[in-house]
Amino acid sequence: MRFDVVAVGGATVDLFLLIDPQNPHIKFNQDTNELSLHLGDKIVLENSKLTVGGNANNVAVGLKRLGFNSALMAEIGNDEFSDEIITNLKKEGVDKSLIKRGES
């Protein structure tokens, strides 16, 4: 297959945990942008968000959105997070034939 661009590098899954800044179990220092909590404290989450990222992944997706025929060459795992990467690339129309999946 012929591509306009092949992005080589990383593909990751980022998990963002959204917490209430007024939660009494956490302390947020606005001057240093640091968040702290006591070891063992349980924190109630407002929400969580899973997104697919990684430099090469983002480039391949971005260029595909701009109309280029793009592919991603990366080595990823063989778990549910890796499945999320593959699903996202398929949704975005990025070629996945150069991706190597690790052992389970």
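Refer to the preceding data block for the structure.
A quick note: this is a predicted structure, and the numbers were derived from the prediction, not measured.

A. Inspection of the nonpolar core at higher detail. Counting residues in hydrophobic clusters, the biggest one holds 13 residues, and the most contacted among them are Leu72, Ile85, Leu89 and Val94. Of all the secondary structure elements, the ones that give two or more residues to this core are α1 (55–65) and α2 (80–92). Leaving out residues up to four positions away in the same chain, Leu89 has contacts with Asn57, Val61, Leu72, Val94, Lys96 and Ile99.

B. Structural context of the packing of α1 against α2. At a closest axis distance of 10 Å, the pairing of α1 and α2 adopts a crossing angle of 15°. It follows from the interaxial angle that α1 and α2 lie roughly parallel. The interaxial crossing formed by α1 with α2 has left-handed handedness. For the pair α1 and α2, the contacting residues are Asn57, Val61, Lys64 and Arg65 in the first and Asn88, Leu89 and Glu92 in the second. Within the contact of α1 with α2, the residues separate by chemical class into 2 nonpolar, 2 polar and 3 charged.

C. View of the pattern of salt bridges. Counted under the stated rule, the structure contains 2 salt bridges. For Arg65, the salt bridge is made with Glu92, and the minimal N-O distance between the two is 2.6 Å. A residue pair is termed long-range when its members are at least 10 positions apart, and Arg65 in helix α1 and Glu92 in helix α2 qualify at 27 residues.

D. Summary view of unusual backbone geometry. Located in the positive-phi region is Asn33, a residue other than glycine, with phi close to 60°. Inspection of the secondary structure puts Asn33 in the loop between β3 (26–29) and β4 (34–37). The exposure class of Asn33 is exposed, given its relative accessible area of 60%.

E. Representation of the side chain of Asn88 within the structure. With respect to the helices, strands and loops of the structure, Asn88 is situated in helix α2. Residue classification places Asn88 among the buried residues on the basis of a relative accessible area of 15%.

F. Spatial organisation of α1. Taken together, the buried positions of α1 are occupied by Ala56, Asn57, Ala60 and Val61. Considered in projection along α1, the buried side chains sweep an arc of 130° and stay on one side of the axis. Opposite the buried face of α1, at more than 90 degrees from it, the exposed residues are Asn55 and Arg65. The secondary structure elements touched by the buried residues of α1 are β1 (5–8), β5 (45–53), β6 (70–73) and α2. Of the residues trailing α1, Gly67 is marked for its positive phi of about 105°.

About the cut-offs
Residues numbered from 1 in each chain as written. Predicted model: local features only at pLDDT ≥ 70, side-chain atom pairs only at ≥ 80, totals over all residues. Heavy atoms only, no water. Core = buried A, V, L, I, M, F, W, Y, C linked by side-chain atoms within 4.5 Å. Buried < 20%, exposed > 50% of the residue type's maximum accessible area, 1.4 Å probe, protein only. Helix = DSSP H or I, 4+ residues; strand = E, 2+ residues; numbered from the N terminus. Contact = heavy atoms within 4.5 Å. Axes fitted to C-alpha atoms, helices over the stretch in contact; angles between N-to-C directions. Parallel < 35°, antiparallel > 145°, perpendicular 65-115°, else oblique. Left-handed = near helix turned anticlockwise from the far one by under 90°. Nonpolar A, V, L, I, M, F, W, Y, C, P; charged D, E, K, R; others polar. Salt bridge = Lys/Arg side-chain N within 4 Å of Asp/Glu carboxyl O. Arc of directions from axis to C-beta.

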